[in-house]
Amino acid sequence: MNNKTSEALFERAKKVIPGGVNSPVRAFRAVGANPLFIEKANGSRIYDVDGHEYIDYVCSWGPMILGHNHPEILKSVSEAIQKGLSYGAPTAGEVEIAELINEMVPNIEMVRMVNSGTEAVMSAIRVARGYTNRNKIVKFEGCYHGHSDSLLVKAGSGLLTEGVPDSLGVPKNAAEDTLTAQYNDITTVEKLFEENNGEIAAVIVEPVAANMGVIAPQGDFLKDLRAICTKNGALLIFDEVITGFRLAKGGAQEFYGIEADLVTYGKIIGGGMPVGAYGGRREIMSCVSPLGGVYQAGTLSGNPVAMAAGLAQLRMLNENPEIYVTINKLAKKLADGLREIGEKYKAPISVNVVGSLVCAFFTEGEVTNYAKAKSSDTAAYAKYFIKMEEKGIYLAPAQFEAMFVSFAHTEADIDRTLNAAEETIKEIIGG
Ligand SMILES: *Cc1c(COP(=O)(O)O)cnc(C)c1O
């Protein structure tokens, strides 16, 4: 494939940007390839600077649930930019999006807008600590909650991919209040509560783990987490940066019928613009400054252009619930198809699907936890990735990421993807 323009840009980028990218996983290191530089995107398609067209399953890592360049979002943003890009003062859009979030997720009685998922989670943790007057946090191995110091412990996503359990530059004392448990194993959480009686401020979890591939909560795992937090006076924080507004209007809380105390959002909430949010019960969110003593601020928070994008996307989702039916059906077709290909060619492929999130692990047997996810053959995934790219399918450049299905994907897109996957698996098996 001729990727000359991408390669020339990457050479220039590497001189002036660490690794040539502004977020590590984009560098394609996990698959031993060079990144494609993107020219534009539309609907389910993304186009690189060398003129290749791909069916896109990254979808900006989740935000583009309606597909790229949705006309309603473009219209809303175009109208907003005519009026100025930022004021640092309140606007109607911020009230409207907060009211809409409350309508879609009724237990989010108050919400604060920020600029990224990282910021949302970092702030929610501060609120949990301020509210409970405790310091310790429980997180799960392989769950990613952004790159703030206290959460870069046994995190997933790019860190899992690069095999770096922690980050340099995180002071020991910033991480020492972070306790780690095993996803889908409530006994490891019970043990931490026993050992740290009265000291745990919150348990934070990705209700569907989507940064170690895609792993669904098994059995009563989320219900048990809810119960153990309530019993011990700790807050339950759902990090819904991926699942929020994706699994259902009300995200994983609605999908699984579990109410968290605090919820963090990002990705979809900004419609493609940099937005995050955290919210919860009034009583808890009343801790946030200027109402309460937990300080959190942002010069560009609630930016009018970003709010216009997020509002347009959330309104579409709120008013058209059939979107969820459609994308979940497409994702199931994709997952079933990938599973059949694995069976047909006796390839070790284990496929997980939750709503519109799909992951094909290159391993045998059901993947329900971090250890099993880690048993995946990442070299096989790398081969698969490169051959799929050559066939016009743009996948996440790492095994431990989700495939994101959008409302712009069609049955024909899924068929083409499955044909490419079948060809690819045949080629890989043939050597
Ligand atoms: C992406 C992600 C984050 C971080 O969001 P950013 O906008 O990249 O800072 C946090 N939590 C989860 C579950 C995520 O997937």
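Attention in this report is confined to the structure presented alongside it. (Residues numbered from 1 in each chain as written. Predicted model: local features only at pLDDT ≥ 70, side-chain atom pairs only at ≥ 80, totals over all residues. Heavy atoms only, no water.)

## Considerations on the overall build of the chain
(1) Moving on: Scanning the chain from N- to C-terminus turns up 15 helices and 14 strands.
(2) Moving on: Taking 431 residues into account, the globule formula puts the C-alpha radius of gyration at 22 Å, and the chain, at 21 Å, falls close to it.
(3) Moving on: With the C-alpha coordinates aligned to their principal axes, the bounding extent of the chain is approximately 60 × 55 × 45 Å.
(4) Moving on: For the chain, with 431 residues in total, the buried portion stands at 56%.
(5) Moving on: The long-range fraction of contacts in the chain, counting pairs at least 24 apart against all pairs at least 6 apart in sequence, stands at 72%.
(6) Moving on: For the chain, the accessible surface area stands at approximately 18,200 Å², while carbon and sulfur atoms represent 51% of it.
(7) Moving on: Averaging the coordinates of the 41 positive side-chain charges in the chain and doing the same for the 52 negative ones gives two points 3 Å apart. (Helix = DSSP H or I, 4+ residues; strand = E, 2+ residues; numbered from the N terminus. Rg over C-alpha atoms; globule rule 2.2 N^0.38 Å. Buried < 20%, exposed > 50% of the residue type's maximum accessible area, 1.4 Å probe, protein only. Contact = heavy atoms within 4.5 Å. Areas by Shrake-Rupley, 256 points an atom, 1.4 Å probe, with all protein chains shown as cover. Lys, Arg positive; Asp, Glu negative; His and termini not counted. Charge placed at Lys NZ, Arg CZ, Asp CG, Glu CD.)

## Quick word on the side chain of T118
(1) Moving on: One can find T118 in helix α4 (residues 117-132).
(2) Moving on: Of the residues examined, T118 reaches a relative accessible area of 16% and is grouped as buried.
(3) Moving on: From its side chain, T118 meets the backbone nitrogen of H147 in a polar contact 3.3 Å long.
(4) Moving on: Once you skip the residues sitting within four places of it in the chain, T118 turns out to touch H145, G146, H147 and S148. (Polar contact = N/O pair within 3.5 Å; in protein donor to acceptor, adjacent residues only side chain to side chain.)

## Details of the site of the ligand
(1) Moving on: Around the ligand lies a shell formed by S116, G117, T118, Y144, H145, G146, E206, N211, D239, V241, I242 and K267.
(2) Moving on: D239 is positioned such that a nitrogen or oxygen atom in its side chain is 2.7 Å from a nitrogen atom of the ligand.
(3) Moving on: Burial of the ligand by the protein amounts to 84% of the accessible area it has alone, namely 380 Å².
(4) Moving on: Tallied by class, residues from the shell around the ligand come to three nonpolar, six polar and three charged. (Near = heavy atom within 4 Å. Nonpolar A, V, L, I, M, F, W, Y, C, P; charged D, E, K, R; others polar.)

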